[in-house]
Amino acid sequence: MSKTESKMQFGSKIGLIAATVGSAVGLGNIWRFPAEAQSNGGAAFLLLYVVCMLVLGIPVMLAEFSLGRAGRSDAFGVFRKLSPGKSWWLIGVLGIVASYTITCFYAVVTGWTLEYLFHSITGSLYEGIAPVTAGGDFSVADAGFQAKMAEYISTPLAPILFTWAVILINMFVLARGVEKGIEKLSNILMPMLFVVLIALCCVTLTLPGAGEGVKWFLTPDFSKITASTVINAMGQTFFSLSLGMGTLITYASYYPANTRLASTSGIVAAMSLVVAVLMGFVIFPAVSSFGLDGHSLVGTTLVFQTLPEVFACLPGTQIWSILFFALLFMAALTSTVSIIEVTIAFVHNKCRISRVKATVLTVLPLFVLSSLCSLSFSTLSDFKIFGMTIFDLLDVFATNILLPVGAIFICIYLGWCAPKGLLKNELTNGGTIRSRISGTVMFIIRYVAPVMILMVLVAPLFK
Ligand code: TRP
């Protein structure tokens, strides 16, 4: 191990959990989950999601953790070290390409959350919007917030500037390294995120008529469960746990030797689930209380249109708006940091340059690439490749294709080709603690996970 590599480790157990939870908890939990739950039968989807986490998410997470800590390198270096002379490092390359691609558009969306936070603070988000009353006619307010969204997202310059601000913040945090940068940021933002989320829950749960929304959310409608619901739940599990592209391999390479991987994965999955469920408790009571049930809860509309309408009905509009967009921004920021780290770790090790140089080298092209993604909503909206804008193309390519492909290969490698006993050795910390699950996890990684992930991958072909 080179000197620079050995220095990088998380400093505390809490810190490594905060950082890993920070990677997992992101826009996936906050705006993808409620939308999926709304269209897939509420609690029925929630149940499926829990099952997917247990049978798929946690085992694949443990696979990534084991590879990362055993190889103690970046997503590429791990495979080179564990299987020298073989081509398995291609899995790492795939992960790096996938994560870099995801960064390009994820940074843009994070930029929007920052922009909305900014306009919540200045109050301009609510300027000129006709007053809305619970249960009343929302069409004027709808049009108002739609116009704001067009103004904030679909103009060329402003969203690019906010995206650049996001990239600069990332650069600053990441250049400081693992312990002083990533860990410190997560230690501050993660507890704040939970406090804000619980505060928002308290408000929405006490609204008149909130019970209806809670009841809807917690009553499973099994008739909505179809093959595609199952596939959606699997996709949601992967995205929300940051699986399949080396993020967790990279983070686990910074775990100390005595970290208990099994309990860490359980905590990360549970926290990610808790955030998704709390988000359900924020959204469903609020929309039912204000008679917005029929409104689309699809990602962007939910967050940038329906929720501002909810805030506009509440006393203290601006405070709730600021808290909510701060929450969104914190969740997204700790995720962007984890995605960019995959490439920085690789550049740092491969080019043997300092952490700061590796950070700058990795981050600079992002200013241009994510600007192109941002322009997909304005100047470049008519520029289509395969019928998709640059933004959508990168999203579909990375999320629907590269991510599952990466996860399948990680399972195949660890299940069949990695050095013998690697998983068991990592789960037992070299035989010093007991692990009752390593046999089951190995079985899932060999036989169950690859088949299930393959289903996620090919499902769109049959739609
Ligand atoms: N998990 C994050 C979310 O829910 C996004 C994310 C971070 C991610 N790192 C990842 C998704 C790696 C897939 C792979 O928003």
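As a reminder, the structure under discussion sits directly above these lines.
A short note on the pattern of salt bridges
Throughout the structure, instances matching the rule amount to four salt bridges. Among the salt bridges present, the one from Asp221 reaches Lys224, with a minimum N-O distance of 3.7 Å. Lys224 sits in the partly exposed class, given a relative accessible area of 39%.

Overview of the side chain of Ser23
Structurally, Ser23 is set in helix α2 (residues 13–24). Only 2.9 Å separates the side chain of Ser23 from the side chain of Ser338, close enough to count as a polar contact. Other than its neighbours up to four places away in sequence, Ser23 contacts Ser242, Thr247, Tyr251, Thr334, Ser335 and Ser338.

So, a nonpolar patch on the surface
Nonpolar side chains collect at one region of the surface, where Leu454, Val458, Leu461 and Phe462 lie side by side and expose about 450 Å² of accessible area between them. Using a relative accessible area of 43% as the deciding quantity, one classes Leu454 as partly exposed.

Some thoughts on the site of the ligand
Taken together, 17 residues sit near the ligand, with Ala24, Gly28, Tyr106, Phe239 and Met245 positioned nearest. Here a nitrogen atom of the ligand sits 3.2 Å away from a polar atom, N or O, in the main chain of Ser23. The separation between a nitrogen atom of the ligand and a polar main-chain atom of Ala24 is 3.0 Å. If the ligand stood free it would expose 360 Å²; the protein chains cover 100% of that surface. Its atoms largely coinciding with the cavity grid, the ligand occupies the largest cavity. Looking at the shell around the ligand, the elements with two or more residues in it are α2, α3 (27–39), α11 (227–240) and α15 (317–350).

As for the packing of helix α10 (residues 210–218) against helix α13 (residues 261–289)
Packing of α10 against α13 brings their axes to within 7 Å, and their N-to-C directions diverge by 130°. It follows that α10 is oblique to α13 by the angle criterion. Relative to α13, α10 is oriented so that their crossing is right-handed. Of α13, the residues touching α10 (which contributes Ala210, Glu212, Gly213, Val214, Trp216, Phe217 and Leu218) are Val277, Gly280, Phe281, Phe284, Pro285, Ser288 and Ser289. The residue inventory of the contact of α10 with α13, partitioned by class, reads nine nonpolar, four polar and one charged.

What about empty space enclosed by the protein?
Counted according to the given criterion, the structure contains three cavities of 30 Å³ or more. Estimates place the volume of the largest cavity at around 150 Å³. Around the largest cavity sit 18 residues that line it, and Ser23, Tyr106, Phe239, Ser242 and Ile339 are the ones nearest its centre. Secondary-structure elements contributing two or more residues to the lining of the largest cavity are α2, α3, α6 (89–122), α11 and α15. Among the residues making up the lining of the largest cavity, the classes are represented as ten nonpolar, eight polar and no charged.

Description of unusual backbone geometry
A positive phi angle is found at Phe386, which is not glycine, with a value near 50°. Relative to the assigned elements, Phe386 resides in the loop between α16 (355–375) and α17 (390–417). Of note, Asn429 is a non-glycine position whose phi angle comes to about 50°, a positive value. Within the element layout of this structure, Asn429 appears in the loop between α18 (422–427) and α19 (438–458).

Regarding the environment of Ser265
Summarising the element assignment, Ser265 is placed in helix α13. The contact partners of Ser265, leaving out residues within four places of it in the chain, are Ile58, Met61, Leu62 and Phe65.

As for the packing of aromatic side chains
Overall, the coordinates contain 32 aromatic pairs when judged by the stated rule. When the ring of Phe304 is compared with that of Phe325, the centres are 6.1 Å apart and the planes differ by 10°; the resulting orientation is stacked. Of this pair, Phe304 sits in helix α14 (residues 299–313) while Phe325 sits in helix α15, placing them 21 residues apart in sequence. With respect to class, Phe304 is no different from Phe325; both count as buried. Positioned above the aromatic ring of Trp416, the side-chain terminus of Arg446 is 4.6 Å from the ring centre.

Calculation rules
- Residues numbered from 1 in each chain as written.
- Predicted model: local features only at pLDDT ≥ 70, side-chain atom pairs only at ≥ 80, totals over all residues.
- Heavy atoms only, no water.
- Salt bridge = Lys/Arg side-chain N within 4 Å of Asp/Glu carboxyl O.
- Buried < 20%, exposed > 50% of the residue type's maximum accessible area, 1.4 Å probe, protein only.
- Helix = DSSP H or I, 4+ residues; strand = E, 2+ residues; numbered from the N terminus.
- Polar contact = N/O pair within 3.5 Å; in protein donor to acceptor, adjacent residues only side chain to side chain.
- Contact = heavy atoms within 4.5 Å.
- Patch = residues over 30% accessible without salt bridge, like charges linked within 9 Å, V, L, I, M, F, W, Y side chains within 5 Å.
- Areas by Shrake-Rupley, 256 points an atom, 1.4 Å probe, with all protein chains shown as cover.
- Near = heavy atom within 4 Å.
- 1 Å grid on protein atoms, 1.4 Å probe; cavity = no way out; pocket = protein on both sides within 12 Å on 5 of 7 lines; lining within 4 Å.
- Sits in = over half its atoms within 2 Å of the grid points.
- Axes fitted to C-alpha atoms, helices over the stretch in contact; angles between N-to-C directions.
- Parallel < 35°, antiparallel > 145°, perpendicular 65-115°, else oblique.
- Left-handed = near helix turned anticlockwise from the far one by under 90°.
- Nonpolar A, V, L, I, M, F, W, Y, C, P; charged D, E, K, R; others polar.
- Points joined across faces, edges and corners; volume = space filled by probe spheres on them.
- Phe/Tyr/Trp six-rings, centres within 6.5 Å; stacked < 30°, edge-to-face > 60°.
- Lys NZ or Arg CZ within 6 Å of the ring centre and 35° of its normal.

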